[in-house]
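Here is how the chains run, residue by residue.
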Amino acid sequence: MSEDVRRVIRSPRGSELSCQGWQQEAAFRMLHNNLDPEVAEHPDKLVVYGGTGKAARDWPSFDAIARTLQGLKQDETLLVQSGRPVGVMRTHEWAPRVLIANSNLVPDWANWEEFRRLEAAGLTMYGQMTAGSWIYIGTQGILQGTYETFAAVAAKRFGGTLAGTITLTAGLGGMGGAQPMAVTMNDGVAICVECDPSRIARRIEHRYLDVQARDLDDALRLAVEARDARRPLSIGLLGNAAEVLPRLLAMDAPIDIVTDQTSAHDPLAYLPLGMDVDDMRAEADKDPAAFTLRAREAMATHVEAMVGFLDRGAEVFDYGNSIRGEALLAGYARAFDFPGFVPAYIRPLFCEGKGPFRWAALSGDPRDIAATDRAILDLFPENESLARWIKLAGERVAFQGLPARICWLGYGERDKAGLRFNDMVASGELRAPLVIGRDHLDCGSVASPYRETEAMLDGSDAIADWPLLNAMVNVSSGASWVSIHHGGGVGIGRSIHAGQVSVADGTALAAQKLERVLTNDPGMGVIRHVDAGYDRASEIAAERDVVIPMAGG
Ligand code: NAD
């Protein structure tokens, strides 16, 4: 089938299998779910989120993966190379049913130009993090991490709440769309600049964004009114961030916090100045090199305005999209004056093996997620912020595709949750099995010097052995599918990361696998941070019996 034929993909629901077992079925459903129009940003192009992050290389590959999963036996493993099924091998029951390698390039060749050449030749695909590894769950996936980040900003600078503050950001795409709700969940006001009107409409429709301003003056008036009343409000503003931010700075707008989630990691997905959003795709295709230069120039202007706000005392941070790196490439020398969000707010959580744990109900029934929400509250009664999140998520998150939930859990917690969920499937309390996975943006699964491993204590930012060990540990521990990707989040040449997804199908075998995977996977985060010299990680390792041969030197 050709790329331009529109197809509507949706995961099957219910307890009937179309594959030979629940592990294959889960992969089959999650592949389809990633391309559900409610979930994917551009499903007709197989693009799930994050610029051009795809679920399969092309439609023939998608069909072949689906067909192969349906015939795959319990002792077989499907190999996927950058979104294309390339082989089925006889393995064993404990082995993953699918092994995925996406977008990987030999380091000297790892740049966008070479990647695009290979992509155009049909030889590779950009897998982002959870797009090509089939565990994207819509904007909720990033919502809790974003909520936690803004909560950490509030704790650091604003007395524990964002009430009475205005946050300025840009990008309302698949991930960036979580920002307005994360700010209002922390009781703040957000102005979110977005150049594509359809993205603003989508966020309003999904209740992530409250209102759209008529223009910049209207946005500022709405924001100040809400701030003064200490009323949470999120405001979408149509425009190019590289134009709007300098204007707001020139107006001396009372902005307290500035960040950004445009698709800056991919210069062909960032709108240059003076270009209409409708012409963007054609312009990028026509002359990618010229487009890249123009996009980088605009990013430099954008980042310069962010530094301007920093100089005026605002809390400013990079939200993991590489915009500082791109601005530096365009010659803006102060690009790295503000920090990335991981060293600023998230690393202490990584030291505890905490990260974006998530699960989806293969039944398709929201009541299954409501039941797991109750189980989480019951399992971790002492964790107040977790309880607040689960309650707010239950009230405010509209499901996209298969009902799903995310919450950040650490070492010693994820396995408890996984085993409880498996018991709930076994007892019939849930209507069908659950898949349990996580973002690649996790404590021990990624090397990304502009984001997750920026400014490591021992300078080991670019060491990429850790995500490879992480993938091998998950393969060895019984995960249902495991992936190794390159370039997710921050772009080609800048990251290597791994993912795992495991199925709770209620069987005793699944319990054994889940216990191992959900202990060892976050365990990688603890040992990675002990190795880098973080005291908090050493305390956790000692308290929770993580075995580290050379701990202490
Ligand atoms: P996306 O491609 O779905 O959305 C990006 C949005 O930016 C689009 O809606 C686009 O119209 C808009 N945009 C592009 N140029 C613009 C400009 N000049 N002015 C205003 N708007 C502009 O991407 P996404 O999934 O939302 O991810 C956004 C970025 O955040 C990516 O770089 C991604 O890697 C990064 N990210 C960060 C985290 C994190 O936890 N911090 C997680 C995932 C992704």
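Residues numbered from 1 in each chain as written. Predicted model: local features only at pLDDT ≥ 70, side-chain atom pairs only at ≥ 80, totals over all residues. Heavy atoms only, no water.

Caption draft 1: Expanded view of helix H10 (residues 288-311). Between its first and last C-alpha, H10 extends 34 Å over 24 residues, near the 34 Å set by a 1.5 Å rise per residue. Looking one or two places after H10, you find Gly 313, whose phi comes out positive at around 100 degrees. (Helix = DSSP H or I, 4+ residues; strand = E, 2+ residues; numbered from the N terminus. Expected span 1.5 Å × (residues − 1).)

Caption draft 2: The arrangement of the site of the ligand in detail. Close to the ligand lie 32 residues; Glu 194, Ser 263, His 265, Tyr 319 and Gly 489 are nearest. Ala 241 places a main-chain nitrogen or oxygen 2.9 Å from a nitrogen atom of the ligand. Calculation on the ligand without its partners gives an accessible area of 860 Å², and the protein chains cover 95% of this total. Looking at side-chain class alone, the shell around the ligand contains 11 nonpolar, 16 polar and 5 charged residues. (Near = heavy atom within 4 Å. Polar contact = N/O pair within 3.5 Å; in protein donor to acceptor, adjacent residues only side chain to side chain. Areas by Shrake-Rupley, 256 points an atom, 1.4 Å probe, with all protein chains shown as cover. Nonpolar A, V, L, I, M, F, W, Y, C, P; charged D, E, K, R; others polar.)

Caption draft 3: Region of interest: the sheet that holds strand S7 (residues 189-194). The 6 strands lie next to each other as S8-S9-S7-S6-S10-S11, forming an open sheet whose pairing is parallel. The sheet is open, and its two borders are formed by strand S8 (211-212) and strand S11 (315-316), each paired with just one other strand. Pairing analysis gives 2 bridges linking strand S6 (residues 166-170) to strand S10 (residues 257-258), with the strands arranged parallel. In the sheet register, Leu 168 faces S10, and the bridge partner there is Val 258. Where helix H7 (residues 216-228) meets the sheet, it contacts S6, S7, S8 and strand S9 (233-238), and its direction lies at approximately 170 degrees from that of S9. (Pairing = 2+ DSSP bridges. Contact = heavy atoms within 4.5 Å. Axes fitted to C-alpha atoms, helices over the stretch in contact; angles between N-to-C directions.)

Caption draft 4: Up close: the packing of aromatic side chains. This structure, assessed with the given rule, holds 16 aromatic pairs. Note on Tyr 319 and Phe 341: the rings are 4.5 Å apart at their centroids and 45 degrees apart in plane angle, and the pair reads as tilted. Highlighted residues: Tyr 319 in the loop between S11 and helix H11 (323-329) and Phe 341 in helix H12 (residues 341-351), separated in sequence by 22 residues. Here Tyr 319 and Phe 341 have matching classes, each one buried. On the numbers, 5.5 Å between centres and 35 degrees between planes, the contact of Phe 336 with Tyr 450 is tilted. One end of the pair, Phe 336, is in the loop between H11 and H12; the other, Tyr 450, is in the loop between strand S15 (446-447) and helix H16 (465-477), and 114 residues separate them in sequence. Residue class for Tyr 450 comes out partly exposed when judged on its relative accessible area of 28%. (Phe/Tyr/Trp six-rings, centres within 6.5 Å; stacked < 30°, edge-to-face > 60°. Buried < 20%, exposed > 50% of the residue type's maximum accessible area, 1.4 Å probe, protein only.)

Caption draft 5: Summary view of the pattern of salt bridges. Per the counting criterion, the structure on display carries 38 salt bridges. Residue Arg 117 pairs with Glu 114 through a salt bridge whose shortest N-O separation is 3.0 Å. With Arg 117 and Glu 114 both in helix H3 (residues 112-120) and 3 residues apart, this pair spans about one turn of that helix. Taking the relative accessible area as the measure of exposure, Glu 114 reaches 15% and is therefore buried. Of the charged contacts in the structure, one is a salt bridge between Asp 521 and Arg 438, with a shortest N-O distance of 2.6 Å. Here Asp 521, found in helix H17 (residues 508-531), pairs with Arg 438, found in strand S14 (residues 434-438); they are 83 residues apart in sequence, far enough to count as distant. On the basis of relative accessible area, Asp 521 is assigned to the buried category, the value being 2%. Residue Arg 438 is classed as buried on the basis of its relative accessible area, which comes to 1%. Bridged by salt links that share partners, the residues Glu 41, Arg 199, Arg 202 and Arg 203 form one connected network. (Salt bridge = Lys/Arg side-chain N within 4 Å of Asp/Glu carboxyl O.)

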